[in-house]
Amino acid sequence: MPNLGTTEILIILVVVVLLFGAKKLPDAARSLGRSMRIFKSEVKEMRNDDEQAEQAAIQQAPQAQPQQYTQYTQAPAPQQAPAPQAQPVQQPVQPAPQQYQQPGQNYPGQPQQ
């Protein structure tokens, strides 16, 4: 829908005056104002009725009972910060066994030369 500018609004007003006549326009505006006033008062009454119904519902609702802990229920555990994770300790490198120190032999898992 295009935006209405000043010139478009003036053209619409001229057409309305020509269609309905200048004598009928004040009466139409007066009746429109009355209708808007009645509409506003009805909306206000509906809001007040809704608020009263909500207040009545709140008053009729049973009060929440505090939870009692018995021997069969447990109190919720307090939240604790996560424990720091341990860092792995590097083992010292040990020399290879004697059988692998001979020339021409490889360690297990080492590619052949």
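Our structure's up above, just so we're on the same page.
Everything numeric here is computed off the predicted structure, so don't read it as measured data.

(A) Molecular detail of the overall build of the protein. Counting its secondary structure elements, the protein contains two helices and zero strands. Here the protein holds 113 residues, and 2% of them are scored as buried. For the protein, the accessible area works out to roughly 12,000 Å², and carbon and sulfur atoms hold 57% of it.

(B) Quick peek at helix H1 (residues 6-20). The first and last C-alpha atoms of H1 sit 21 Å apart over 15 residues, in line with the 21 Å expected at 1.5 Å per residue. Taken from the residues just after H1, Gly 21 is the one with a positive phi, measuring 90°.

(C) Fine view of a negative patch on the surface. A cluster of acidic residues, Glu 42, Glu 45, Asp 49, Asp 50, Glu 51 and Glu 54, forms a negative patch at the surface. For Glu 54, the location among the structural elements is in helix H2 (residues 24-60). For Glu 54, a relative accessible area of 52% corresponds to the exposed category.

(D) A look at the pattern of salt bridges. Summed over the entire model, instances satisfying the criterion amount to one salt bridge. A salt bridge links Arg 30 to Asp 27, with the shortest nitrogen-to-oxygen separation between them at 2.9 Å. Taken together, the residues span about one helical turn, with Arg 30 and Asp 27 both in helix H2 at a distance of three residues. Using a relative accessible area of 44% as the deciding quantity, one classes Arg 30 as partly exposed.

Definitions and limits used
- Residues numbered from 1 in each chain as written.
- Predicted model: local features only at pLDDT ≥ 70, side-chain atom pairs only at ≥ 80, totals over all residues.
- Heavy atoms only, no water.
- Helix = DSSP H or I, 4+ residues; strand = E, 2+ residues; numbered from the N terminus.
- Buried < 20%, exposed > 50% of the residue type's maximum accessible area, 1.4 Å probe, protein only.
- Areas by Shrake-Rupley, 256 points an atom, 1.4 Å probe, with all protein chains shown as cover.
- Expected span 1.5 Å × (residues − 1).
- Patch = residues over 30% accessible without salt bridge, like charges linked within 9 Å, V, L, I, M, F, W, Y side chains within 5 Å.
- Salt bridge = Lys/Arg side-chain N within 4 Å of Asp/Glu carboxyl O.
- Lys, Arg positive; Asp, Glu negative; His and termini not counted.
- Charge placed at Lys NZ, Arg CZ, Asp CG, Glu CD.

Limitation: the analysis is restricted to geometry and does not speak to function.
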